[in-house]
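# Per-entry structural report
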Amino acid sequence: MNVQHEVSLLVEEIQRLGSKNADGKTSVKFGVLFSDDRCANIFEALVGTLRAAKRKKIVTFEGELLLQGVHDNVDVILLQE
């Protein structure tokens, strides 16, 4: 799978699982994304896909790397709908 395709799938999953925040942007907790069965089946490397999407300025989140457990409460915010 190419990175662009994975990033577009990530956008769809954030829209499915997330909700609008105070700024009107779609946001989802990393723990929700990570523990979702559908996401687990789609993404071999969710963290890598998130980092690629952040580099392309499609999503944003605090820090460079998100780890299960430690960063479950971090918001992943969709910058482009």
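Data block above holds the structure.
Note that the structure is a prediction, hence the values are computed from the model and not measured.

Mapped onto the secondary structure, Ser27 falls in strand β2 (residues 26–29). A relative accessible area of 11% means that Ser27 is categorised as buried. As a C-alpha pair, Ser27 and Gly48 span 21 residues in sequence and 18 Å in three-dimensional space. Polar contacts involving the side chain of Ser27 include one to the side chain of Asp75, which spans 3.5 Å.

The next subject is the side chain of Thr26. Inspection of the secondary structure puts Thr26 in strand β2. Only 3.5 Å separates the side chain of Thr26 from the side chain of Lys20, close enough to count as a polar contact. With near-sequence residues (within four places) excluded, Thr26 lies in contact with Ile14, Gln15, Gly18, Ser19, Lys20, Val76, Ile77, Leu78 and Glu81.

Below, the discussion takes up the packing of aromatic side chains. When we look at a pair of aromatic rings, we describe it by the centre distance and by the angle of the planes. Applying the stated criterion across every chain yields a total of 1 aromatic pair. When the centroid spacing of 5.6 Å and the interplanar angle of 50° are considered together, the rings of Phe30 and Phe34 count as tilted. In this pair, Phe30 and Phe34 both sit in helix α2 (residues 30–35), 4 residues apart, roughly one turn of the helix. The residue whose ring lies beneath Lys54 is Phe61, and the NZ or CZ to ring-centre distance is 4.4 Å.

On to the environment of Ile58. Along the chain, Ile58 falls in the loop between α4 (46–55) and β3 (59–60). Relative accessible area serves as the criterion here: at 10%, Ile58 is assigned to the buried category. Separated by 47 residues in sequence, Ile58 and Val11 place their C-alpha atoms 8.2 Å apart. Excluding its chain neighbours within four sequence positions, the residues that come into contact with Ile58 are Val7, Val11, Ala53, Ile77, Leu78, Leu79 and Gln80.

What counts, and where the lines are drawn
- Residues numbered from 1 in each chain as written.
- Predicted model: local features only at pLDDT ≥ 70, side-chain atom pairs only at ≥ 80, totals over all residues.
- Heavy atoms only, no water.
- Helix = DSSP H or I, 4+ residues; strand = E, 2+ residues; numbered from the N terminus.
- Buried < 20%, exposed > 50% of the residue type's maximum accessible area, 1.4 Å probe, protein only.
- Polar contact = N/O pair within 3.5 Å; in protein donor to acceptor, adjacent residues only side chain to side chain.
- Contact = heavy atoms within 4.5 Å.
- Phe/Tyr/Trp six-rings, centres within 6.5 Å; stacked < 30°, edge-to-face > 60°.
- Lys NZ or Arg CZ within 6 Å of the ring centre and 35° of its normal.

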